[in-house]
Amino acid sequence: MTSTSNRVRAYVACADSREILVLQLDDSNGELALIQKMPAGGIVMPLAASHDRRRLFAALRSQPYSVASFAIDPLSGHLQALGSGPLPDSTPYIAQDRSGRYLLWASYSGHKIGVSAIGGDGLVEAAHQVIETEPNAHAIVPDPSGRYVFVPCLGGGIVMQWKFDATSGTLTPNSPAAIAQPPGAGPRHFTFHPGGHHAYLLNELNASVSSFAFDADSGLLTQLQNLSILPRNFSGQPWAADIHLTPDGRYLYASERRSSTLALFAVGADGRIEHVANHATESEPRGFAIDPSGRFLLAVGQASNSMTSHAIDAASGRLTELKRYAMGKNPNWVEIVTLP
């Protein structure tokens with residue numbers, strides 16, 4: 001695969017130091033170099049890069065709740081603050097819809113989701129749709145077509161299934177409106193396989209991954225499996241956090257904060273997964289990301305205030321620790337962008 005060496009940037013949200021760190025990633029060797037510290041203006045957590053890679057959106061979870069918009073310099077990757085738009089509640093997850101015209105958001109403490117238009121200036125407008133959900137909406141994820149949206153509700157124990165009209169920017173319930181998880185599972189984060197026919201859910205409270213078949217015509221999920229992400233001989237209360245696939249869809253990783261590990265699963269042609277290994281990483285790894293080449297995984301630790309760069313073995317998916325880097329306070333989210 002052709003290296004993009006000087007074109008890849010990692011953006012790290014550091015909640016308690018209220019800043020976003022910008023790092024240059026050399027995807028030929030996994031080396032990182034800090035090139036900017038951008039004040040965020042509040043307790044910053046979830047990030048979302050625009051599909052055209054020219055904007056970065058950051059949800060601020062301190063009052064007044066808002067979404068900060070930044071321009072990404074196409075040459076350097078540096079951030080320039082554009083301004084902010086209001087949110088009605090604290091939001092742990094934001095995502096741009098596939099059309100690029102709307103920001104979708106989920107509020108864990110407010111038990112709601114919503115849709116906000118993104119103006120031509122890159123600023124997020126006041127929400128034009130706000131919907132109450134089952135308790136603790138933890139993520140909001142559009143399918144690859146942009147016609148459907150999925151919302152894991154940790155307290156409700158379900159994944160809500162929605163239809164999305166990109167013309168009006170409105171959500172309506174699909175039928176059935178939700179798919180349940182085992183009692184006490186705690187649905188948290190959700191991701192689609194790049195092939196578009198399978199999806200994966202991370203359950204926070206029992207630290208498990210559920211695999212699904214996805215019908216792209218109806219927008220509905222059918223559950224296939226539910227497997228633990230915990231290391232052998234684990235004892236204690238699980239606390240799973242994040243989930244991502246390699247760009248080729250061959251490997252799935254999930255982070256678990258109590259054990260400070262990353263679980264590795266091999267993904268079959270039928271979308272089913274098989275547990276391969278657990279790898280040690282940063283302490284309390286709330287967020288991680290995989291670079292566009294699929295060769296490196298960057299994980300940040302909320303308790304360690306640092307990041308580890310891991311190399312991904314192409315033949316097995318196993319991780320090798322490369323180097324640790326100091327971050328700001330409470331790093332929690334990593335967004336990786338190849339500059340346009």
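Our structure is the block above this text.
In this report, we go over the structure that sits alongside the text. (Residues numbered from 1 in each chain as written. Predicted model: local features only at pLDDT ≥ 70, side-chain atom pairs only at ≥ 80, totals over all residues. Heavy atoms only, no water.)

When helices and strands are tallied, the protein shows zero helices and 28 strands. For 340 residues, the compact-globule estimate of 2.2 N^0.38 gives 20 Å, and the protein sits close to it at 18 Å. For the protein, the residues scored as buried account for 58% of the 340 residues in total. Put simply, 48% of the contacts in the protein that link residues at least 6 apart link residues at least 24 apart. (Helix = DSSP H or I, 4+ residues; strand = E, 2+ residues; numbered from the N terminus. Rg over C-alpha atoms; globule rule 2.2 N^0.38 Å. Buried < 20%, exposed > 50% of the residue type's maximum accessible area, 1.4 Å probe, protein only. Contact = heavy atoms within 4.5 Å.)

On to the pattern of salt bridges, then. Think of it this way: side chains of opposite charge can pair up when their charged atoms draw near. Applying the stated criterion across every chain, the model contains six salt bridges. Asp-89 is the partner of Lys-112 in a salt bridge, and the nearest nitrogen-oxygen pair spans 2.7 Å. Here Lys-112 is found in strand E10 (residues 112-117), whereas its partner Asp-89 is found in the loop between strand E7 (79-86) and strand E8 (93-96), with 23 residues between them in sequence. Overall, Asp-89 belongs to the buried group, its relative accessible area being 14%. (Salt bridge = Lys/Arg side-chain N within 4 Å of Asp/Glu carboxyl O.)

Another aspect to go through is the sheet that holds strand E12 (residues 141-142). One open sheet holds the four strands; their spatial order is E12-E13-E14-E15, and the pairing between them is antiparallel. Whereas interior strands pair on both sides, the edge strands pair on one side only; in this sheet they are E12 and strand E15 (170-180). Two strands pair when backbone bridges link them, and E12 and strand E13 (residues 148-153) are joined in this way by two bridges, in the antiparallel orientation. In the strand pairing of E13, Val-141 is matched with Phe-150. (Pairing = 2+ DSSP bridges.)

For the rest of this paragraph, the subject is the pairing of strand E5 (residues 55-60). Within E5, five of the six residues are buried, leaving the element largely enclosed by the surrounding structure. Sheet topology places strand E4 (residues 44-49) next to E5; four bridges connect them, and they run antiparallel. Paired with Ala-48 across the strands is Phe-57, a residue of E5. The turn joining E4 and E5, which pair antiparallel and follow one another in sequence, is formed by five residues; a positive phi near 65 degrees is taken by Arg-53. Examined bridge by bridge, E5 and strand E6 (residues 66-72) share six bridges and lie antiparallel to one another. Looking across to E6, one finds that Ala-58 is bridged to Ala-68.

Glancing now at the environment of Arg-7. Along the chain, Arg-7 falls in the segment before strand E1 (8-14). Residue Arg-7 is classed as partly exposed on the basis of its relative accessible area, which comes to 26%. Counting along the chain gives 70 residues from Arg-7 to Gly-77, while the straight-line C-alpha distance between them is 8.1 Å. Filtering out sequence-adjacent residues up to four positions away, Arg-7 remains in contact with Pro-74, Leu-75, Val-337, Thr-338, Leu-339 and Pro-340. Of the polar contacts made by the side chain of Arg-7, one reaches the backbone oxygen of Pro-340; its length is 2.8 Å. (Polar contact = N/O pair within 3.5 Å; in protein donor to acceptor, adjacent residues only side chain to side chain.)

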